[in-house]
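Structure assessment
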Amino acid sequence: MPGIGGNGAVTRSTLRQQIADALRDEVLAGRLRPGQAFTVKEIAEQYGVSATPVREALVDLSAQGLLEADQHRGFRVHEYSLADYRGMIEARSLVTDGMFQSLLRGGMAQADDPRTVAALVGVRRRGEEAQRAATAGDLNILIGYDLRFWRELSALFGNLYLADFLHRLRVQSWVCTVQHLRRVEDLKGHLWAGHTELVDALARRDPDGAHAIIAAYNEHSLALLERLAAG
């Protein structure tokens, strides 16, 4: 694991986060599949570390809804259903609608401030990368850029608690969908690619337009998941 060393407390905290990030990526990549079980010992041996930071990382991922504790026998990857995904979409929509509506009240601080404009440019650039990956059907690249896109976009509204909550929902949504998307040989034309369109709507202070874009996105993604789940 990179970046290990220095103060013991910092090292342990860093290692715990590194392991949690690595396992989250394993789930998103489909290498740890829904329902798959494993023990702290197995993960510790896999990464060549002690059991303590592994156990802490697994507890963190359980708190985030990605894993489930399995009655002293270890952990298993959480299995999300279509009903779960519908609930995630509803929760995401409530959060993003609140963000978009805050634009009417000047919630995106100093929207004409050069720093805010520069931040929007950065978010749009991330959206462009996400769109390219979506258009190409490259799921691994898309997930990484999509998570960064939403993380940076939500940070513009200045509420870190809201940004963290939305990020957790976005991760859970991807964990729910990748199990189905990875069964499709060619994802070109199937993945949502409206990131820059959303940024442009927000830049011109058009919350209704942003809401319409997200509503279309949610409808598209839910319909796709329902089709894939039905085989």
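Residues numbered from 1 in each chain as written. Predicted model: local features only at pLDDT ≥ 70, side-chain atom pairs only at ≥ 80, totals over all residues. Heavy atoms only, no water.

1. Things to note about helix α4 (residues 82–102)
To be explicit about the condition: In this description a helix means any DSSP run of H or I spanning at least four residues, a strand means any run of E spanning at least two, and both kinds are numbered starting from the N terminus. Each helix should span, by expectation, one fewer than its residue count multiplied by 1.5 Å. Summary of the burial criterion: residues with accessible area below 20% of their type's maximum are buried, those above 50% are exposed, and those between are partly exposed, where the area comes from a 1.4 Å probe applied to protein chains only. Note on contacts: a residue pair is in contact if any heavy atoms of the two residues lie within 4.5 Å.
Across its 21 residues, α4 extends 30 Å between first and last C-alpha, which sits within 8% of the 30 Å expected from 1.5 Å per residue. Looking at α4, one finds that the buried residues are Y85, M88, I89, R92, S93, V95, T96, M99, F100 and S102. As for α4, its buried residues are in contact with α6 (139–155), α7 (160–181), α8 (195–203) and α9 (207–229).

2. Observations concerning the sheet that holds strand β1 (residues 37–38)
In plain terms, the rule: Criterion used throughout: strands pair if DSSP finds at least two bridges between them. As a rule, the C-alpha atoms of each element are fitted with a line to give its axis, helices using only the stretch in contact, and angles between N-to-C directions run from 0 to 180 degrees.
Read across the open sheet, the 3 strands follow the order β1-β3-β2; overall the sheet is antiparallel. Both outer strands of the open sheet, β1 and β2 (67–69), are each paired with one neighbouring strand and no more. Two strands pair when backbone bridges link them, and β2 and strand β3 (residues 75–77) are joined in this way by 3 bridges, in the antiparallel orientation. Across the sheet, the residue bridging to A69 is F75, located in β3. Against the sheet, helix α3 (residues 51–63) touches β1, β2 and β3, its axis set at about 110° to β2.

3. As for the environment of H195
So the rule is basically this: Think of a polar contact as two N or O atoms within 3.5 Å of one another; within protein, one of them needs to be a possible hydrogen donor and the other a possible acceptor, and neighboring residues in sequence only count if both atoms come from side chains.
Tracing the backbone through its elements, the reader meets H195 in helix α8. Take H195: its relative accessible area is 1%, and that puts it in the buried class. When the C-alpha atoms of H195 and I214 are compared, they prove to be 9.7 Å apart, with 19 residues separating the residues in sequence. Beyond its immediate sequence surroundings of up to four residues, H195 is in contact with G127, A130, Q131, L142, D146 and F149. At 2.9 Å, the side chain of H195 and the side chain of D146 are in polar contact.

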